[in-house]
Amino acid sequence: MTRTWAIAKRTLTELLRDKRTLALMFLAPIVILALLNYAFSINATTSIKVGTVNVERSVQTNLADVKHVSTANYDNRSQATEALKDQKIDAVLVEKDGQDYDVLYANTDASKTAMTRAALSNAFTKDKTGKLVNALTQMSARLGIQNPAANGQFNLEENYNYGNKDTSFFASIMPIFMGFFVFLFVFLISGISLLKERTSGTLSRLLATPVKRSEIVYGYMMSYGLVAIIQTAIIVFFTIYVLKVEVVGSILNLFLINVLLALVALAFGLFISTLAKSEFQMMQFIPIVVVPQILFSGIIPLDSMASWARIFGDILPLKYAADAMSGVVLHGVSFGGIVPDLLALLIFLLVLVTANIIGLRRYRKV
Amino acid sequence: MTYTIELQQVAKSFGNQKVLKDIDLNLKQGEILGLIGPSGAGKSTVINIALGVEQADSGQANILNQTMPNRQLLAEIGYMAQSDALYEALTAYENVAFFAEMKGINKQGLDQEIKRVADIVSLGDALYKNVAGFSGGMKRRLSLAIALIGNPRLLVLDEPTVGIDPALRRQIWHELHKMRDAGHAILVTTHVMDEAELVDRVALLLGGRIIANDAPKKLEAAYGVPTIEDVFLKAEEEESND
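Per chain, residues are indexed from 1 in the order of the written sequence. Whichever chain is written first is A, and whichever ligand is written first is 1; the rest continue in order. Since the coordinates come from a predicted model, pLDDT governs what is reported: local features require at least 70, and pairs of side-chain atoms require 80 or more to be given and counted, while whole-chain, interface and lining totals use all residues.

J.: Which residues make up the interface of chain B and chain A, and what values go with them?
T.: Interfaces are often sized by the amount of accessible area the parts lose when they come together. The contact criterion used here is simple: two residues whose C-beta atoms, placed from the backbone, lie within 7 Å are in contact. The interface of chain B with chain A comprises 26 residues on the first partner and 23 residues on the second. Think of it this way: any DSSP run of H or I at least four residues long counts as a helix, any run of E at least two long counts as a strand, and we number them from the N terminus. At 5 residues, helix H2 (residues 92-102) of chain B tops the list of elements feeding residues into the side of chain B that touches chain A. Charged residues are taken to be Asp, Glu, Lys and Arg, nonpolar residues to be Ala, Val, Leu, Ile, Met, Phe, Trp, Tyr, Cys and Pro, and polar residues to be all remaining types, Gly included. In terms of residue class, the side of chain B that touches chain A is made up of 15 nonpolar, 6 polar and 5 charged.

J.: Can you tell me about the pairing of strand E4 (residues 58-63) of chain B, naming the residues and giving the values?
T.: Residue and element names in this part refer to chain B. Strands were regarded as paired on the criterion that DSSP finds at least two bridges between them. Inspection of the sheet shows strand E1 (residues 5-14) paired to E4 by 5 bridges, in the antiparallel sense. Paired with Gln8 across the two strands is Gln60, which belongs to E4. Linking two consecutive strands that pair antiparallel, namely E4 and strand E5 (residues 66-67), is a turn of 2 residues; a positive phi of about 50 degrees is found at Leu64 within it.

J.: If you had to explain the nonpolar core to someone new, which residues and values would you point to?
T.: By definition, a nonpolar core groups buried Ala, Val, Leu, Ile, Met, Phe, Trp, Tyr and Cys residues that are joined through C-beta atoms within 7 Å. Exposure classes come from backbone-placed C-beta atoms, where a residue is buried if 20 or more other C-beta atoms lie within 10 Å of its own, exposed if 12 or fewer do, and partly exposed in between. Formed by 148 residues in total, the largest nonpolar core has its most connected members in Val186 and Val264 of chain A together with Ala50 and Ala145 of chain B. Considering every element that reaches this core, the biggest residue donor is helix H7 (residues 169-199) of chain A, with 18 residues. Those residues within four positions of Ala50 of chain B in sequence are excluded, and the remaining contacts are Ile5, Leu7, Ala61, Ile63, Met68 and Val156 of chain B.

J.: Describe the UniProt feature "transmembrane region" (unreviewed entry) in chain A, naming the residues involved and giving the relevant values.
T.: All names here are of chain A. UniProt positions are given in the numbering used here, feature names are shortened, and annotations may be inferred rather than shown by experiment. The feature "transmembrane region" (unreviewed entry), as annotated in UniProt, sits at residues 21-40, 169-195, 216-243, 255-273, 285-302 and 342-360 in this numbering. Between the first and last C-alpha atoms of residues 255-273 the distance is 26 Å; the span itself is 100% helix and 0% strand. Across residues 285-302, the secondary structure splits into 83% helix and 0% strand, with the terminal C-alpha atoms separated by 24 Å.

J.: Break down the sheet that holds strand E9 (residues 201-206) of chain B for me, with residues and values.
T.: All names here are of chain B. The strand order across the open sheet built from 6 strands is E6-E7-E8-E3-E9-E10, with neighbouring strands paired in mixed fashion. Where the open sheet ends on each side, the last strands, each with one partner, are strand E6 (77-80) and strand E10 (209-214). Pairs of neighbouring strands in the sheet enclose a mean axial angle of 15 degrees, with direction left out of account. Pairing between strand E3 (residues 31-36) and E9: 4 bridges, direction parallel. Each bridged residue has a counterpart across the sheet, and for Leu35 the counterpart in E9 is Ala203. An axis is simply a line fitted to the C-alpha atoms; with a helix, the fit covers only the stretch in contact. Between two such axes, the angle follows the N-to-C directions and lies from 0 to 180 degrees. This element, helix H8 (residues 228-241), spans E3, E9 and E10 of the sheet and lies at about 30 degrees to E9.

Written out as structure tokens, the structure reads:
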């Protein structure tokens, strides 16, 4: 135990004196989260412009009434098509006769196409109901009965289970990124730290003392567990108090998930570092080890993927951490609800730690 | 007779390459054994097998009458590797203290013990400075100080005086002789042939075998040459003629 603590203390002292690495661990996540927040908030308002040719006045008005949609009238189809090519408008709507319409989407942005489609169907429905109401009003006036559509003033009060009307896409990916940063930095820095210990010969020297192999691994876990707690604290408080992201569930649960994830990342980093011969080779593992994790962590909805891809996601630790953290942040899932994810992380941890302790046998036979 | 180090018919291969063939090597208490041989002769492998870092393919390695590998026994061995193996971000004091803790040396009196070994290698003034700013020679001396911590019964020193000034080298050898006289056993590998004159016994490792093993003066007489360097060259020549 004293040896474990001495190794943890030494690792922390080394880290504390390395100002650049400290900045990387504690400032870089904040900067990136702030940038992501900015980027995804701007994206929230897409507006489209529809070019119309020969379109009935009422349909045109209804279309322009849809939020973030504007219209521009063109004399003929070729003029409108020209405007579409110049990226002045996002779609061309042509009325062939009273019932038949023809639409040409620019389709360079799938979300704009979908939005135009919705706006069009909205406008047509509104046009139809408008005419229906008119006919009904005339009819009921002639028959002398109360028009049921006349006092149809609907009121919709909007409430949000999570956040408010300004909640952006960022809120839904924030928990994933929180886990990703903890994973990435702990993975890299612990891996490189053990690698340095190996290439400088201090590992051999360490193993020429009566220290147990497990004490080395536990010492690393203790120090980087502590680093992960601090890093998580910085990320959590920054996202809650500066970026104003709402966390529905318990912050304590967030810490629990992150520390466990950091320990998995640490064990993963130590394990991978035994496969690398230099820091440069360690960096080469990022695309192989880290990038798939973020792809399968839920940023792209997993249920939209092919089943083999989902199975692949099941073997990546970040997926479980992201799942648990999304649950806590967005749905307020309690401790009981994240237990399965925590157990999955625990299994990863046990397997990797055992592999590391056995793996150190390469450097000393007892 | 009990030996501090006792290697019996040790053989070791890496892949197809036979590095050690049938090595017998003993080291008594109160003796300095110099292990010399060209680079790649397997000096480090001999040390690694003695320390239990490597397992011999056949044969037996005993230290203090116990079979290696043995983790607990490592507390009795002061080891200095060929690379300096220091934590650059830490001070010299922190480096020594860390390895002392790893060896399980009692914290009481540790401060005094650290100052004692620092004085042996003349690092007393630089004890609280970061190792990153040390010269090559200073790092080598600190590395030696770490091996000396806790006054171990067996010292294993892999090229201890590379890059160290002649005056300090002489001082270090003076200390090693003092430790030997106090009953410590010391195994030294070296490239510096005039240092080989300072040991009690020279073991010449060539082609995976110990081809000569005697006091330096006796070896010189047996080969009919004036220095150990000549013994080395002559032995190498004979080996390649075989």
